[in-house]
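Secondary and tertiary structure notes
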Amino acid sequence: MLAGMPTSTVAVLGAGPRGVGWLERFVENVRAGDLGRGAVARGIRLILVDPYQPGPGRLWRYDQSPLLKLNSLAADVTMFTDASCTVEGPIAPGPSLAEWAEQVRSGRLEVVIEDAAVRAELEALGPASFPTRRLQSFYLDWFHQRTLAKLPKGVEVEWRQTTAVSVADDGDRQLVALADGETVAADVVLYALGHNGSALAGEHELLGAFAHEHRACYLAPAFTADADLSALPAGADVIVRGMGLAAIDLVVLLTEGRGGAFEATEGGVRYVPSGREPRLHLGSRRGVPYHSKVTSNLVAPRAAPRFFTRNIAAALGARGGVDFAVEVWPLIAKEGLHGYYHELFLGHPERVRLPWSEFLERFAVLDPWSDELRTLAASALVDPADALDLAVFDRPLAGLEFGDASALQRYLIEYIADDVHRRTAAEHSATLGFFTALLFAFFDLGGSGIEVPPWFKAFFSYVASGPPVHRLEELVALAEAGVVRFLGAELEVRADAAAGKFRASSPSVPGDLVSRYLVDAWLPEDSAHASENPALRDAVRVRADGASVAALLAVHPDDSRVIGPDGEPHSARFAIGPFTSAPNVGAFARPLTDAMSFRENDRVARAVLRLLDELTVRQSLPA
Ligand SMILES: Cc1cc2nc3c(=O)[nH]c(=O)nc-3n(C[C@H](O)[C@H](O)[C@H](O)COP(=O)(O)OP(=O)(O)OC[C@H]3O[C@@H](n4cnc5c(N)ncnc54)[C@H](O)[C@@H]3O)c2cc1C
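Since the structure is predicted, the reported quantities are computational estimates derived from the model, not experimental observations.

Rules and cut-offs
Residues numbered from 1 in each chain as written. Predicted model: local features only at pLDDT ≥ 70, side-chain atom pairs only at ≥ 80, totals over all residues. Heavy atoms only, no water. Buried < 20%, exposed > 50% of the residue type's maximum accessible area, 1.4 Å probe, protein only. Helix = DSSP H or I, 4+ residues; strand = E, 2+ residues; numbered from the N terminus. Arc of directions from axis to C-beta. Contact = heavy atoms within 4.5 Å. Pairing = 2+ DSSP bridges. Axes fitted to C-alpha atoms, helices over the stretch in contact; angles between N-to-C directions. Salt bridge = Lys/Arg side-chain N within 4 Å of Asp/Glu carboxyl O. Near = heavy atom within 4 Å. Polar contact = N/O pair within 3.5 Å; in protein donor to acceptor, adjacent residues only side chain to side chain. Areas by Shrake-Rupley, 256 points an atom, 1.4 Å probe, with all protein chains shown as cover. Phe/Tyr/Trp six-rings, centres within 6.5 Å; stacked < 30°, edge-to-face > 60°. Core = buried A, V, L, I, M, F, W, Y, C linked by side-chain atoms within 4.5 Å. Parallel < 35°, antiparallel > 145°, perpendicular 65-115°, else oblique. Left-handed = near helix turned anticlockwise from the far one by under 90°. Nonpolar A, V, L, I, M, F, W, Y, C, P; charged D, E, K, R; others polar.

1. Notes on helix 10 (residues 356-363)
Those residues of helix 10 not exposed but buried are Trp 356, Phe 359, Leu 360 and Phe 363. One side of helix 10 carries all its buried residues, which in axial view fall inside an arc of 100°. Seen from the open side of helix 10, the exposed residues pointing more than 90 degrees away from its buried face are Ser 357 and Glu 361. Elements in contact with the buried residues of helix 10: helix 9 (324-347) and helix 11 (371-380).

2. Considering the sheet that holds strand 15 (residues 501-506)
Overall, antiparallel pairing links the 3 strands, which are arranged 14-15-16 in an open sheet. Each edge of the open sheet is held by one strand with a lone partner, namely strand 14 (492-496) and strand 16 (509-515). Each adjacent strand pair in this sheet contributes to an overall mean axis angle of 25°, direction not counted. With 5 bridges joining them, strand 14 and strand 15 adopt antiparallel strand pairing.

3. Overview of the sheet that holds strand 2 (residues 44-49)
With mixed pairing, 6 strands are arranged side by side in an open sheet as 3-2-1-7-19-18. Looking along the sheet, the strands with just one partner apiece sit at the ends: strand 3 (155-160) and strand 18 (561-563). The sheet shows a mean angle of 35° between the axes of neighbouring strands, taken without regard to direction. Alignment of strand 1 (residues 8-13) against strand 2, held across 6 bridges, turns out to be parallel. Opposite Ala 11, over in strand 2, you have Ile 47 as the bridge partner. Sitting on the sheet, helix 1 (residues 17-32) touches strand 1, strand 2, strand 3 and strand 7 (188-191), and the angle it makes with strand 2 is about 170°.

4. With respect to the pattern of salt bridges
Side chains that differ in charge, positive against negative, can pair when their charged atoms come close. What the rule picks out here adds up to 41 salt bridges. A salt bridge links Arg 606 to Asp 34; the shortest N-O distance between them is 2.8 Å. Pair noted here: Arg 606 is in helix 18 (residues 596-620) and Asp 34 is in the loop between helix 1 and helix 2 (37-42), with a separation of 572 residues, a long-range link. The exposure class assigned to Asp 34 is partly exposed, which follows from its relative accessible area of 46%. Asp 237 serves as the salt-bridge partner of Arg 279, at 2.9 Å between the closest nitrogen and oxygen. Remark: Asp 237 occurs in strand 9 (residues 237-241) and Arg 279 occurs in strand 12 (residues 279-283); sequence separation between them is 42 residues. Overall, Arg 279 belongs to the partly exposed group, its relative accessible area being 29%.

5. A short note on the site of the ligand
Close to the ligand lie 30 residues; Asp 50, Trp 60, Asn 71, His 195 and Asn 533 are nearest. Within the contact set of the ligand, an oxygen atom lies 2.8 Å away from a side-chain nitrogen or oxygen of Trp 60. Contacts to the ligand include Asn 533, whose side-chain N or O atom sits 2.6 Å from a nitrogen atom. For the ligand, the protein covers 89% of the area, taking 990 Å² as the surface of the free molecule.

6. Side note on unusual backbone geometry
Phi at Arg 215 is positive, roughly 50°, even though this residue is not glycine. Tracing the backbone shows Arg 215 in the loop between helix 6 (202-214) and strand 8 (217-219). One non-glycine residue, Leu 592, adopts positive backbone phi at about 60°. Relative to the helices and strands, Leu 592 resides in the loop between strand 19 (569-575) and helix 18.

7. Observations regarding the side chain of Asp 602
Along the polypeptide, Asp 602 turns up in helix 18. One polar contact links the side chain of Asp 602 to the main-chain amide nitrogen of Gly 89, over a distance of 2.9 Å. Among all residues touching Asp 602, those that are not within four sequence positions of it are Arg 25, Asn 29, Val 87, Glu 88 and Gly 89.

8. Description of the packing of aromatic side chains
Under the definition given, this model contains 37 aromatic pairs. Here Tyr 62 and Phe 138 contribute two aromatic rings whose centre-to-centre distance is 5.9 Å and whose plane-to-plane angle is 80°, an arrangement assigned as edge-to-face. Residue Tyr 62 is found in the loop between strand 2 and helix 3 (97-105), and its partner Phe 138 is found in helix 5 (residues 133-149); the two are separated by 76 residues along the sequence. On the accessibility criterion, Tyr 62 (35% relative accessible area) is partly exposed. Between Phe 324 and Phe 456, the ring centres sit 5.1 Å apart and the planes meet at 50°, which makes this aromatic pair tilted. Placement of the pair is Phe 324 in helix 9 and Phe 456 in helix 15 (residues 454-464), with a sequence separation of 132 residues.

9. Quick notes on the nonpolar core
Within the largest apolar cluster, 90 residues are counted, with the highest numbers of intra-cluster contacts made by Ile 332, Tyr 341, Phe 345 and Phe 486. A total of 10 residues in this core trace back to one element, the largest contributor, which is helix 9. Once you skip the residues sitting within four places of it in the chain, Tyr 341 turns out to touch Trp 356, Phe 359, Ala 377, Leu 381, Ala 387 and Leu 388. Counting 54 residues, the second largest nonpolar core, distinct from the first, contains Leu 70, Phe 143, Val 155 and Leu 615.

10. Examining the packing of helix 7 (residues 245-254) against helix 16 (residues 469-480)
Interhelical geometry of helix 7 versus helix 16 gives an angle of 60° and a closest axis separation of 11 Å. On the basis of the axis angle, helix 7 is oblique to helix 16. Classified by chirality, the crossing of helix 16 by helix 7 is left-handed. Where helix 7 abuts helix 16, its residues Ile 248, Val 251 and Val 252 lie against Arg 471, Leu 472, Leu 475 and Leu 478. In the contact of helix 7 with helix 16, the residues fall into 6 nonpolar, no polar and 1 charged.

11. Topic: the pairing of strand 4 (residues 164-170)
Two elements, strand 4 and strand 5 (residues 173-178), share 6 bridges in a ladder whose sense is antiparallel. If you follow Asp 169 over to strand 5, its bridge partner there is Gln 174. Where strand 4 folds back onto strand 5 in an antiparallel hairpin, the turn is made up of 2 residues, including Gly 171, whose phi is positive at roughly 65°.

Following this line, the structure appears as structure tokens:
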């Protein structure tokens, strides 16, 4: 260590997958030696602040229901950089979750798992399994321990098991106030606060007040794993708004989690109720659940992007001022259809009547939503049901009216079963062609600087972030058992003061469902200024009175420095993760996809090392 010079300190606020992923990049960059030599010579102390164990953090902690799962395949989860990664720092490969499980099984990695259920899961885990969040907690913990085992000389890591409350400038130092009453003085602060709840506002606040006044029950958007569901009694009719992942988690916790069981039958699966479940009435704008993950394989090689490529995305991003709906979405839609029909024509020639080259030539000039495309598809396909009509795919219930609730129930059971079939059966691998094309378009979008509107993110989640297939099979079984019922599309919920209850209605069916119980099943919206997280509220404070209008913490696109109230990047504060203005790119990634989160972690790790080197030079000069 440099005699007489104090150690450099970096405070990392939040040590979930993003915080520890950044740490791994930091350590690997120090080990590479091109940056940070001066700082390492004087010593670097990294202080991880998190009330939850570093690695899994809050979201992936072991202590949660064993029924909750990832919506990613085990093969699609890695924390490690690989040959695809365009990072400036070193590439340091390691196992994906599926490979890690295999290495633990074979004894090549020593990981102690005492929980018999998790151990059994690990024994059976394959690349196409959907892991439990509990198993993921072991992978993330192992990943973090591995980073700690690689710490070079001169770098120390310490965990403070508490919450960060605020950060203040003090000359060259950052003073981080902790909930345990202590203060950490740091040279650099990295915010990695992850997903946050926010105070009830707007409609949620009104619904909460209504429920309180009428002794009804309203559960506002929440992280389902943390929600108290005990207020929903057995047999109660519960209106559930939202049919995405939070709704699926809710259904799992209120059915299997209440002692019900799924039994395999010849044709699929049957639900055996425990009698402790409420009756769950599900509806949303679309009125259908998210599409499940695709489990078939591409037969033809992946279609090379043609209508929305990385270069096209970059050119649009560089131009700026892009109208997403008019200039970008039609290209992405076309690319998705291109991926679909490429796989259908080349992977399954028995399902089509035209050569691919002829179809492609005609397809290339058509609008993706046009009647001409519908006519072309109808003439080119053996089974008209193989046509991918984007409007119908997006809003399958639009314009449909059912005579009564049981007709809607039957229709949806068939719709979901058909969707599951199309996403799993080998002959329908075109759905994977569509998914893959959209996924890569989404990646290219992320790196382009094009502003992505919330409605497109929601559409992408509907296509790509759906539940594991078996969850939809279970939903069908629950619907057949009458535990789950469907409310229809364009769901409207009103607080009916005369009845003192909630009233749900949909143009899909006549009649209202009236109930004392309402659950809004989606994640809390990003709202930094109304966040329940004190450090995040503090970070976006822009006026002396503490008020702010920011929904997200603004960061600079180059190095993720926090943009201050003066519009300038703060010299010593950085932020990564879903609460920032950078594209939300998750924390772990599919292998071989040049993951944006790894690139951002690497950029920020290197920016922090550069800053520490500068500070070392500055502080070693005579005053
Ligand atoms: C319910 C849910 C399910 C998801 N499922 C998947 C999935 O299946 N597959 C997938 O790829 N992605 C999934 N994601 C995406 C998710 O973004 C990433 O998986 C990942 O958890 C993000 O990592 P993070 O570290 O940024 O945030 P988080 O995982 O939220 O971690 C943030 C950490 O910061 C800590 N923290 C927050 N505030 C403070 C403070 N003031 N002081 C100290 N510590 C603090 C928290 O305790 C927490 O440990 C899911 C997200 C959610 C919300």
